[in-house]
Amino acid sequence: MKWLFNSWITGVLLALATFLAWNHRFEVSDHPLNATVIDEKFLKTIPAPRRTHCSIQETEEGPVTHLEREGEKGTPAIQIILHDLEDVQFIYISCDYRWQDVVPGEQSWMTAKGIFSDKMEDGSSRQPSDFVLFEGSGTQDWTKLEVVRKLTGAIIDTHFYFSVGGKSGSLDLRNLRFSKVAERSWVRFVSIALALGWLSLIFRLLWKCDVRNPVRAASAALMMLSLLWVGAFPTTITLLAPLSDAFSLDLPDVPKSPSLDLDTAISQASASPKKSDPAEDQPRNTTLPERESPNDALSAPTPILKENTSPKKGANSGVISTLLRKVMIVLSRFHFLIFALLSLFWFILTRSVKSWPFVVALAALPEMLAHFTFYGLDWKDGVDLSRNLSGVALGFLTWWHRDRIFQIARKAFRKQKA
């Protein structure tokens, strides 16, 4: 019991250190984005084709951007374009949003939503697979959105698009802001130290669970840590969310009435085409009502947008992590099968019945940790958890009766061959 007690203490300390390091990972850097305020004056800097049925309502909590259909024509929408991103790797995005009485349209994507896309150096448009910030229909009260987006690739512009694509309803946004952030200098060293600490702890626990082969224990520990990083942490391919509360950032105050210099910066960053690109404000990028697919509403020249995975200059591309996340997104629809195979492989690797708590943790933590992020916890997570655990049980039973299953398969093969 002594080793277990000490391991619990070590685990709690590592979890606390991981939580603090994750939420203190970023710091604000100087950039014109940091002083942008979304108010009536800012709204006038956005060309009319990029804002339809959109207005600013003054409330006690401050200005609220209101999108609601007025008549039958036009999609309530606003498109905010951020320029001058050559030296930006991470963008902090924060806002409160709500929607009321949103009736979905004929297509599944015709709802209230916030999405984004990118314009690349070669003039093409890119839509990452995790391009949705929020989406829904019906009525939802004020919800806090806080994420940090990692820019991967030679991005010139980032387009944020908020709309009500359904038959009716409204969408409200308040406290919407963007800031340039960067990783603190100590992040890489602390991350390595935490990874080594977790690997040592998992290795020790596996050793106590009768996984006495050093190669098997080390391989299982590395597998456990990698899958938890990809599947349990609140991060997708490009979006990183805080744990529990919010990222610890010293955000600059946003002025209530922008000065002349700020107006000029905002106008240049949101209304003027970048350099010699005359096509930026053409109607083809902004005539939303005639679109036939959600990708077209993202100012994309084609329905299928190419995803550029080339890293920004001076940035760690995280190619392996990105590929793993892409695989996880594709396989996320097959919870039962994936965890059955994962469980089977885990027990083949460890060869120990006592190692079952680890694979159960792999099945439970991704669903349970959602409660501590802006993704939230709902009944779908409960369904996914039941599928995960059912897959783990099937994988364990398959491994437990492997000899019998192998004999039956061998007899069937011989009979078929004869």
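Residue numbers here run from 1 along each chain, matching the order of that chain's written sequence. pLDDT decides what is reported in this predicted model: residues at 70 or higher carry local features, side-chain atom pairs at 80 or more are listed and counted, and totals for whole chains, interfaces and linings draw on all residues regardless. As a convention, hydrogens and water are excluded, and side-chain values are obtained from all of the structure's heavy atoms.

K.L.:
Help me understand the environment of I56 in this model?
P.N.:
In this text, helices come from DSSP runs of H or I with a minimum length of four residues, and strands from runs of E with a minimum of two, each type numbered from the N-terminal end. Relative to the helices and strands, I56 is located in strand β3 (residues 54–59). Relative accessible area decides the class of each residue, using a 1.4 Å probe on protein chains only: under 20% of the type maximum gives buried, over 50% gives exposed, and in between gives partly exposed. The exposure class assigned to I56 is buried, which follows from its relative accessible area of 12%. Sequence separation of I56 and E40 is 16 residues, and the distance between their C-alpha atoms is 5.6 Å.

K.L.:
How should I be thinking about the pairing of strand β10 (residues 138–150) in this particular structure?
P.N.:
On any regular strand, side chains alternate: one points to one face of the sheet, the next to the other face. Pairing between strands is defined by DSSP: at least two bridges between the two strands are required. The pairing of strand β6 (residues 90–103) with β10 spans 10 bridges and is antiparallel. Residue pairing for β10: V102 is matched across the bridge by G138. Note that β10 and strand β13 (residues 239–240) share two bridges and pair antiparallel. Looking at the pairing, V148 lines up with L240 of β13.

K.L.:
Just to check I follow, could you spell out the packing of aromatic side chains for this structure?
P.N.:
Two measures describe an aromatic ring pair: the distance that separates the ring centres and the angle between the ring planes. Note on aromatic pairs: the rings of Phe, Tyr and Trp (six-membered ring only in Trp) are paired at centre separations within 6.5 Å, and the planes decide the class, stacked below 30 degrees, edge-to-face beyond 60, tilted for the rest. For the coordinates displayed, the defined rule picks out 16 aromatic pairs. Where Y97 meets W99, the ring centres are 5.7 Å apart and the plane angle is 20 degrees; that geometry is what we call stacked. W99 matches Y97 in its accessibility class, with the two residues each being buried. Centre to centre, the rings of F347 and W399 are 5.3 Å apart; their planes meet at 25 degrees, and the pair counts as stacked. Note that F347 is positioned in helix α7 (residues 335–350) and W399 in helix α9 (residues 379–400), a separation of 52 residues in sequence. The class of W399 is buried, set by a relative accessible area of 6%.

K.L.:
Would you mind showing me how to read unusual backbone geometry here?
P.N.:
Note: most peptide bonds trans; most residues except glycine with negative phi. Residue H53 is not a glycine yet carries a positive backbone phi of 50 degrees. Mapped onto the fold, H53 is located in the loop between β2 (51–52) and β3.

K.L.:
Looking at this model, I keep getting lost on the pattern of salt bridges. Mind explaining?
P.N.:
Any two side chains of opposite charge can pair, so long as their charged atoms come close to each other. Should a side-chain nitrogen of Lys or Arg be within 4 Å of a carboxyl oxygen of Asp or Glu, the pair is scored as a salt bridge. All chains considered together, the criterion is met by 10 salt bridges. Residues D210 and K354 are paired through a salt bridge, measuring 3.1 Å at the closest nitrogen-oxygen approach. Here D210, found in the loop between α3 (187–208) and α4 (214–231), pairs with K354, found in the loop between α7 and α8 (356–368); they are 144 residues apart in sequence, far enough to count as distant. Looking at D210, the relative accessible area reads 39%, which means it is partly exposed. Between D384 and R387 there is a salt bridge, and its shortest N-O distance comes to 3.9 Å. Here the residue D384 and the residue R387 both occupy positions in helix α9, the gap between them amounting to three residues, near one helical turn. Looking at D384, the relative accessible area reads 17%, which means it is buried.

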